[in-house]
Every structure is written in C-alpha cells, then in structure tokens.
Amino acid sequence: MSTFKRYTNWKNIETNLDTCVDKFDSLRFDTILGLARGGMIPATLLAYKLDCHNLQQLGVRTRDVEAIQYYGSPLLTGRVLVVDDINDSGLTFSSVDNYIRYHFDHNEIDEVTYCSLYRRYNTKFKTDITGEVVNDDDWLVFPWD
C-alpha cells in the first residue's frame, strides 16, 4: 500500500452515511453493532438516523497480534447491523461474522447486515452496504483519527 493519505472530513462522512441509509430502503434494525474503535462513531450516527436505540459495541483487534482479539459482550437480537468505518482487507468483518456465528443464539438473531462507510475494491469480504468504494493506494485518515 502506498503512503498517499486521503483525508476525509465530516462532509464526506455525512455523504457516505446518507448513501448507506438510502441503500437500506425501508430496512429497520433492532440492534446496531459498532466495531470499536473506528466503527463506533459511524454506528452511533447511524443509530440516530435509523432511530435504533439498541447500540452495542464489540472491540476487534486483528492487526499486530498472533490471534484475533475481541473485547466486550454485546447483546444481539433481531435484525442486526454491523458497522465499521472502513473495510480494508475484509479480515475484521470476516472475523466478526465468524464470531457472531459461533457465539450467539441464532433463534434470537433474525438477520445480520454488514455496513462500512468505505470499502476497498478488492477486499475479500464484501459488505452488504457501502458508502464509497476506494482505491487501494489511498490511506484514509478520518476526522476522529
């Protein structure tokens, strides 16, 4: 990956949030799961936009560790929206998908939808909803970084 940095701003974030909301059509979610740390801000903003009061968090660490690490104990029920700021390689979303499959009662979860504000075009995990697809040479810097 190149060292070219692309700075996002709040207007970019708002545009991508609205793009995601438009793609949901009339879907309602019972739970929004923000992936900490970068996904918490977009998850919170989406919770307001979608009027979802059950906002949960799960910390996921996939970089610079021998084994993937999870932090937190979210309560997932109904239709679940999993949110992160960017879908780089797909490892985080893939790990969370496996985590949900093996750690939750699927009688309580109706459906899981994955959403990222940005997605790299060649990621291995395709999110269901994406605000913007970006080139692999761009290193995104978010307003909260």
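Note that this is a predicted model, so its numbers are computed, not measured.

Caption draft 1: How the structure looks around the pairing of strand β6 (residues 109-120). For β6, the buried fraction is high: nine of the 12 residues fall into the buried class. In terms of strand pairing, strand β5 (residues 78-87) meets β6 through nine bridges, oriented parallel. Bridging across to β6, V80 finds its partner in V112. At this point the chain moves from β5, through helix α3 (residues 91-103), to the parallel β6, and the crossover so formed is right-handed. As defined by bridge partners, β6 adjoins strand β7 (residues 129-134) across five bridges and the pair is classed as parallel. Among the inter-strand pairings, R120 is bridged to a residue of β7, identified as V134.

Caption draft 2: Spotlight on the pattern of salt bridges. Applying the stated criterion across every chain, the model contains seven salt bridges. With a closest N to O distance of 2.9 Å, D18 and K49 form a salt bridge. Here D18 is found in helix α1 (residues 10-23), whereas its partner K49 is found in helix α2 (residues 40-49), with 31 residues between them in sequence. Relative accessible area serves as the criterion here: at 32%, D18 is assigned to the partly exposed category. Judged by its relative accessible area of 35%, K49 falls in the partly exposed class. D97 is the partner of R101 in a salt bridge, and the nearest nitrogen-oxygen pair spans 2.9 Å.

Caption draft 3: Representation of the packing of aromatic side chains in the model. If you walk through the whole model with that rule in mind, you get nine aromatic pairs. For the pair F24 and F29, a centre-to-centre distance of 5.3 Å together with 75° between the ring planes defines the contact as edge-to-face. Each member of the pair F24 and F29 is classed as buried. Joined through ring pairs, the aromatic side chains of W10, Y118, F142 and W144 make up one cluster.

Caption draft 4: Expanded view of the layout of surface pockets. Within this model, the largest pocket holds a volume of roughly 780 Å³. Taken together, 24 residues make up the lining of the largest pocket; nearest its centre are G38, R63, D85, I86 and D88. Of all the elements in the fold, those that place two or more residues in the lining of the largest pocket are β2 (31-36), β3 (55-61), β5, α3 and β8 (139-141). The dominant element in the lining of the largest pocket, judged by the number of residues it contributes, is β5, at four residues. For the lining of the largest pocket, a count of residues per class yields 10 nonpolar, six polar and eight charged.

Caption draft 5: Spatial organisation of the nonpolar core. Ranked by size, the top nonpolar core spans 21 residues in total, and within it F24, I32, L46, L81, C115 and Y118 carry the most contacts. Residues in contact with L46, not counting those within four places in the same chain, are L17, V21, F24, I32, L81, V83 and C115. With 15 residues, the next largest nonpolar core counts L33, L76, V96 and I100 among its residues.

Caption draft 6: α2, seen in detail. Looking at α2, one finds that the buried residues are P42, A43, L46 and A47. Down the axis of α2, the smallest arc covering the buried residues is 140°, so these residues share one side. Considering only its buried residues, α2 is in contact with α1, β2, β3, β5 and β6. D51, located one to two residues past α2, shows a positive phi value of around 55°.

Cut-offs applied
- Residues numbered from 1 in each chain as written.
- Predicted model: local features only at pLDDT ≥ 70, side-chain atom pairs only at ≥ 80, totals over all residues.
- Heavy atoms only, no water.
- Buried < 20%, exposed > 50% of the residue type's maximum accessible area, 1.4 Å probe, protein only.
- Helix = DSSP H or I, 4+ residues; strand = E, 2+ residues; numbered from the N terminus.
- Pairing = 2+ DSSP bridges.
- Right-handed = clockwise from strand over helix to strand, strands pointing away.
- Salt bridge = Lys/Arg side-chain N within 4 Å of Asp/Glu carboxyl O.
- Phe/Tyr/Trp six-rings, centres within 6.5 Å; stacked < 30°, edge-to-face > 60°.
- 1 Å grid on protein atoms, 1.4 Å probe; cavity = no way out; pocket = protein on both sides within 12 Å on 5 of 7 lines; lining within 4 Å.
- Points joined across faces, edges and corners; volume = space filled by probe spheres on them.
- Nonpolar A, V, L, I, M, F, W, Y, C, P; charged D, E, K, R; others polar.
- Core = buried A, V, L, I, M, F, W, Y, C linked by side-chain atoms within 4.5 Å.
- Contact = heavy atoms within 4.5 Å.
- Arc of directions from axis to C-beta.

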